[in-house]
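# Architecture at a glance
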Amino acid sequence: MPVLTDALIEALRADTPGCTGPRVHFNHAGASLSSRQTLAAITDHLALEAEVGPMEAAVMAADGVARTRAAAATLLNATPEEIAFATGGSAAWGTAIASLPPLRPGDRVLVGRQEWGGNLTTLRDKAARAGAGVEVIPSLEDGRVDAEALAGLIDDRVRLVSLTWGAANGGLVNDAAAVGRVTRAAGIPYVIDAAQVVGQIPVDVRVLGCDMLKAPGRKHLRGPRGTALLYVRRDFLDKVTPAWLDVQSSPWATHWGADHGPVSPRDDARRLESSEASVALLLGLGNALEQALALGIDHIRARIHHLAQGLRGRLDAIPGVTVRDIGDPETRSGLVSFTVEGLAGSAVRARLMDQGLTLGANGVPYTPLDMTARGLTEIARASLSYLTTEAELDRLADAIARLAP
């Protein structure tokens, strides 16, 4: 694996159209910038579809899609049979939750304080329909989920623990493995939303002890929108019932004998896939995965952590600017959240956009439990990539300083 030297970073940036124009991208946590190779993998297949037909092109690309699945498995330390693809992070997560056993009156679902707003809405709706409840796991002083307190909440009514591993509104990264040790000991299903982790921090599903984990391709993996990974632990498959079936998730030959017996979905994670998928996008995702693996997630992690700490230091030095990141400083991600006195996060984003600096803003609907607990309504969020340079951080900090009162 290559060390991410300045020369290599410049070569990677030259291969990334979004790094060669006048704008500077600080919204990699929303959607990152794909390489020319990833874009070519997509457009080349679309050209092939136009030439020979989409169904025929799919057959010709079967080995390429298999390589994408294998690369995803390698990234997560899973097996290819434990990997399903989805059309986006929300679709992957919703598919996973819908496949779990139905809740019953009095059941309990436990979530972390950083739970993504869409996840929380889905869980509360599912629980309300069943007469069950959703409860928040206590946090440590630094904001991370308290695994010891979680152990004290476990009883025979807890049916699910759901954890957003990396906060969407800042750099906090929960100790997902500690939560996994608790759920594994109790035999409780454990689902991880790894949207802000996969691609920038090493992931080992065996160490995590989770039953299911999802991540979109468009964020830190630098893959295309419309793609996502869904890991399903092999020994957990018998507890997973697809909300619906098609020729992909339950091929006719696997269940329909002369006696018209019961329907059985396939015996791998693809029971949660749909046959209607964009082969072109999956090939693009495969290229992005292979690029990340070739660079080494450990190297990516070290560079992003260094850059993010540097940006936090720059922002801390600006009067009227408050860095809002919490969690263990040594494990924080490349999402840097801050507020500027007198300006809403969305206003900060708009003003910086006018200066060619693209970043995100996060409000209560996206991370409602954590934002409410900390008395925040909006934050601005600069999310970094290993493609980010020190010069770009200086430019961002200078622009923010001009906004401050």
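Residues numbered from 1 in each chain as written. Predicted model: local features only at pLDDT ≥ 70, side-chain atom pairs only at ≥ 80, totals over all residues. Heavy atoms only, no water.

### Some remarks on the overall build of the chain
Inclusion rule: A run of DSSP states H or I qualifies as a helix once it reaches four residues; a run of E qualifies as a strand once it reaches two. Both are numbered from the N-terminal end. Here the globule rule reads 2.2 Å times residues to the power 0.38, and the radius of gyration is calculated from C-alpha atoms. For the exposure calls, accessible area comes from a 1.4 Å probe over protein chains only, and a residue counts as buried if that area is under 20% of its type's maximum, exposed if over 50%, partly exposed in between. Any two residues having at least one pair of non-hydrogen atoms within 4.5 Å are treated as being in contact.
When you go through the chain residue by residue, the secondary structure sums to 14 helices and 12 strands. At 22 Å, the chain has a C-alpha radius of gyration in line with the 22 Å of a compact globule built from 405 residues. Its C-alpha atoms put the chain at 75 × 55 × 35 Å along the principal axes. Within the span of the chain, comprising 405 residues, buried residues form 56% of the whole. Within the chain, counting contacts between residues at least 6 apart in sequence, those at least 24 apart form 71% of the total.

### Topic: the pairing of strand β12 (residues 378-383)
For clarity, the cut-off: We call two strands paired when DSSP finds no fewer than two bridges between them.
Burial analysis of β12 places five of its six residues in the buried class, the great majority of the element. Judged from the four bridges that link them, strand β10 (residues 335-340) and β12 form a sheet pairing that is antiparallel. Bridged to valine 336 within β12 is alanine 382. Across four bridges, strand β11 (residues 357-363) lies against β12 in antiparallel orientation. The partner of asparagine 362 across the bridge, within β12, is isoleucine 379.

### Structural notes on the layout of surface pockets
Just so we agree on the cut-off: With a 1 Å grid laid over protein atoms only, a set of points is called a cavity when a 1.4 Å probe fits there but cannot get out and a pocket when it is open yet has protein on both sides within 12 Å along at least five of seven lines; lining residues have an atom within 4 Å of a point. Grid points are joined across faces, edges and corners, and a volume is the space filled by probe spheres set on the points. Three classes are used: nonpolar for Ala, Val, Leu, Ile, Met, Phe, Trp, Tyr, Cys and Pro, charged for Asp, Glu, Lys and Arg, and polar for all others, with Gly counted as polar.
Empty space within the largest pocket amounts to approximately 910 Å³. Lining the largest pocket are 35 residues; nearest its centre among them are Gln248, Ser274, Ser275, Glu276 and Ala277. Elements supplying a minimum of two residues to the lining of the largest pocket: α3 (54-60), α4 (62-76), β2 (83-86), α5 (89-98) and α10 (279-295). Estimated volume of the second largest pocket: approximately 390 Å³. Lining the second largest pocket are 21 residues, with Ala29, Trp116, Gln196, Arg218 and Lys219 positioned closest to its centre. Put simply, the parts of the chain that give the lining of the second largest pocket at least two residues each are α5 and β11. Split into classes, the residues belonging to the lining of the second largest pocket amount to seven nonpolar, nine polar and five charged.

### Observations regarding the sheet that holds strand β7 (residues 212-216)
To be explicit about the condition: All axes here are fitted lines through C-alpha atoms, helices being fitted over the stretch that makes contact, and every angle between N-to-C directions spans 0 to 180 degrees.
Read across the sheet, seven strands follow the order β2-β8-β7-β6-β5-β3-β4 without closing on themselves; strand pairing throughout is mixed. Edge positions in the open sheet fall to β2 and β4 (133-136), since each of these has one partner strand only. The mean inter-strand angle of the sheet, taken between neighbouring strand axes irrespective of direction, is 20°. Two strands pair when backbone bridges link them, and strand β6 (residues 190-193) and β7 are joined in this way by three bridges, in the parallel orientation. Note on β7: the bridge partner recorded for isoleucine 192 is leucine 213. Packed on one face of the sheet, α4 meets β2, β7 and β8 (228-232) and runs near 115° to β2.

### A short note on the sheet that holds strand β1 (residues 24-26)
Strands sit in the order β1-β11-β12-β10-β9 across an open sheet of five strands; the sheet is mixed. Two strands close off the open sheet at either side, each with one partner strand: β1 and β9 (321-323). Each strand axis lies, on average, 35° off the axis of its neighbour in the sheet, ignoring direction. Relative to β11, β1 is paired through three bridges, and the arrangement is parallel.

### Regarding the side chain of arginine 144
Spelled out, the test is: Within 3.5 Å is the distance limit for a polar contact, defined as a pair of N or O atoms, with the added protein rule that one can donate a hydrogen and the other accept it, and that residues adjacent in sequence qualify only through two side-chain atoms.
With respect to the helices and strands, arginine 144 occurs in the loop between β4 and α7 (147-153). Engagement of the side chain of arginine 144 in a polar contact is seen with the side chain of aspartate 142, the distance being 2.9 Å. Once you skip the residues sitting within four places of it in the chain, arginine 144 turns out to touch Pro138, Ser139, Leu172, Val173, Asn174, Gly327 and Asp328.

### Digging into the environment of leucine 4
Among the structural elements, leucine 4 can be located in the segment before α1 (6-14). Separated by 144 residues in the primary sequence, leucine 4 and glutamate 148 have C-alpha atoms spaced 38 Å apart. If we skip the residues at most four places from it in the chain, leucine 4 touches Ile9, Leu295, His299, Ile300, Arg303 and Tyr386.

### Side note on the pattern of salt bridges
Keep this limit in mind: The term salt bridge refers to a side-chain nitrogen of Lys or Arg lying within 4 Å of a carboxyl oxygen of Asp or Glu.
Within the structure shown, the criterion is met by 21 salt bridges. Residues arginine 13 and glutamate 392 are paired through a salt bridge, measuring 2.9 Å at the closest nitrogen-oxygen approach. On the criterion of sequence distance, the pair formed by arginine 13 in helix α1 and glutamate 392 in helix α14 (residues 390-403) is long-range, its members being 379 residues apart. Taken individually, arginine 13 and glutamate 392 each receive the classification buried, so the pair is uniform in this respect.

### What to know about empty space enclosed by the protein
Inspection of the entire model under this criterion finds two cavities of 30 Å³ or more. By volume, the largest cavity amounts to about 50 Å³. If you go around the largest cavity, the residues you meet are His28, Ser32, Gly199, Gln200, Lys219, His220, Ile300, Ile304, Leu384, Ser385 and Tyr386. Class assignment for the residues of the lining of the largest cavity results in four nonpolar, six polar and one charged. Here the second largest cavity defines a volume of roughly 40 Å³. Every residue lining the second largest cavity is listed: Gln114, Ala167, Asn169, Gly170, Gly171, Leu172, Arg324, Asp325, Ile326, Ser337, Asp370 and Arg374.

### Quick word on the environment of leucine 245
Structurally, the position occupied by leucine 245 is in the loop between β8 and α10. Once the C-alpha coordinates of leucine 245 and arginine 266 are considered, the two residues, 21 residues apart in sequence, prove to be 10.0 Å apart.

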